[in-house]
Amino acid sequence: MPEIVEVEIQVEGLYGLIGDRIKDLMLGDRGEKIIRPFDEDSFRSFVLGKEIRDVTRVGKYIVMTFEDGLSMVTHLRMTGRYTINVPENKIGHTRVEFFTENGLSLRYSDVRLFGRISIIEDLEVLRKGADALKTDSSQLAKIIEKTKKKDAKRRKDRTVKELLTGQKVITGVGNVYANEILFRQSLYPGTLLSELDSTAIEALAKEIKSVLSWGYQLGGLSLKDYYHVDGTKGKAQNHLNVYKNSRCQRCLSRLKNSKDFDGRATYYCPRCQS
Ligand SMILES: [Zn+2]
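Caption draft 1: View of the sheet that holds strand β2 (residues 52–58). Spatially, β2-β3-β4-β8 is the arrangement adopted by the 4 strands of the open sheet, whose pairing is antiparallel. Each edge of the sheet is formed by a strand with only one pairing partner; in this case those strands are β2 and β8 (116–120). Going from strand to strand, the sheet's axes swing by 20° on average, the running direction of each strand aside. Sheet topology note: the β2/strand β3 (residues 61–66) ladder contains 6 bridges and is antiparallel. Each residue of the ladder has a partner; that of Ile 52, found in β3, is Phe 66.

Structure, rendered in structure tokens:
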């Protein structure tokens, strides 16, 4: 599943659309599922002839804002991706294809059809927790401290794994990067937030930033269906320490795999992360 790093790389790949205009569009096989709740006619009326003034990212949403202030907002979910001028036979599963005035073919492909392309006016409805890429580590540490205090007041607690993958506090880390962050910090995924002191919180916040920027430098994770806009793939998946590995890279212990911490596959070393 594309996470914030992969969405950011997609967005940067789409900057070339700024100033261009959508001339036509074509729905592919079951493309009407992607543009729900709109039907093809109303969707066309929102986008055709419009100039794209801006391409941005809000959390895990790709936002293209038109000259009239409306935005076309895409969530890639499990297997969505945009490509530009990449032939259908290379990526496959085209659901929507846009044609621009400058002669570009912008293709939205999605094997599993969970992605959505919508039209909205107010981007505020998209905002959730602090954006993991745009927020610096000291700010992230403050947000985690605040969450810890709030949890204590409500007599609640959460595991660090939940803190990283739940989208409400910090948006966009995602499961695979969360596995990597915890391994690098030698943190047991079931550690409770209440058990972290400020030094550990600061270190965790720094690790979030450094793992995400490491992923970004490697072009993101291409575990299954994630491609760059030009049809190439990321390389971070080849350098993961724990996710889907069988042995710890550090001590060679057999890794454990559990869904107990946040409902997602968590790989960890029982020796290094205890
Ligand atoms: Zn180990």
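More follows now that the structure is in view.
Caption draft 2: Highlighting the coordination of the zinc ion. For the zinc ion, the full set of protein donor atoms is Cys 248 (SG), Cys 251 (SG), Cys 269 (SG) and Cys 272 (SG), and the range of their distances to it is 2.2 to 2.4 Å. Seen from the zinc ion, its 4 donor atoms lie at angles of 102 to 112°, and the figure they make is tetrahedral.

Caption draft 3: Broad picture of the sheet that holds strand β5 (residues 80–84). With antiparallel pairing, 4 strands are arranged side by side in an open sheet as β1-β6-β7-β5. Two strands in the sheet have a free side with no partner beyond their single neighbour: β1 (22–27) and β5. The mean inter-strand angle of the sheet, taken between neighbouring strand axes irrespective of direction, is 15°. Summarising the sheet, β5 and strand β7 (residues 105–110) pair through 5 bridges and their orientation is antiparallel. Bridge pairing links Thr 83 to Arg 107 in β7. Contacts from helix α3 (residues 40–47) reach β1 and β6 (94–100), with the element oriented near 160° to β1.

Caption draft 4: Focus on the packing of aromatic side chains. What the rule picks out here adds up to 7 aromatic pairs. Considering the side-chain rings of Tyr 188 and Tyr 268, the 5.7 Å spacing of their centres and the 75° angle between planes classify their relative orientation as edge-to-face. One end of the pair, Tyr 188, is in the loop between α7 (175–184) and α8 (198–217); the other, Tyr 268, is in strand β12 (residues 266–268), and 80 residues separate them in sequence. Between the aromatic rings of Tyr 243 and Tyr 267, the centroid separation amounts to 5.4 Å while the plane-to-plane angle is 70°, which identifies the pairing as edge-to-face. Here Tyr 267 lies in strand β12 and Tyr 243 lies in the loop between α8 and β11 (256–258), a separation of 24 residues in the sequence. Residue Tyr 243 is classed as buried on the basis of its relative accessible area of 13%. On the basis of relative accessible area, Tyr 267 is assigned to the buried category, the value being 12%. Ring pairs connect the aromatic residues Tyr 188, Phe 261 and Tyr 268, which therefore count as one cluster. One cation-aromatic arrangement involves Arg 184 over Trp 214; the distance from NZ or CZ to the ring centre is 4.5 Å. Cation over ring: Arg 250 sits above Phe 183, and NZ or CZ is 4.3 Å from the ring centre.

Criteria and thresholds
Residues numbered from 1 in each chain as written. Predicted model: local features only at pLDDT ≥ 70, side-chain atom pairs only at ≥ 80, totals over all residues. Heavy atoms only, no water. Pairing = 2+ DSSP bridges. Helix = DSSP H or I, 4+ residues; strand = E, 2+ residues; numbered from the N terminus. Axes fitted to C-alpha atoms, helices over the stretch in contact; angles between N-to-C directions. Donors = N, O, S within 2.8 Å, 3.2 Å for Na, K, Ca; no water. Tetrahedral: all angles 85-135°; square planar, octahedral: opposite > 155°, others 65-115°. Contact = heavy atoms within 4.5 Å. Phe/Tyr/Trp six-rings, centres within 6.5 Å; stacked < 30°, edge-to-face > 60°. Buried < 20%, exposed > 50% of the residue type's maximum accessible area, 1.4 Å probe, protein only. Lys NZ or Arg CZ within 6 Å of the ring centre and 35° of its normal.

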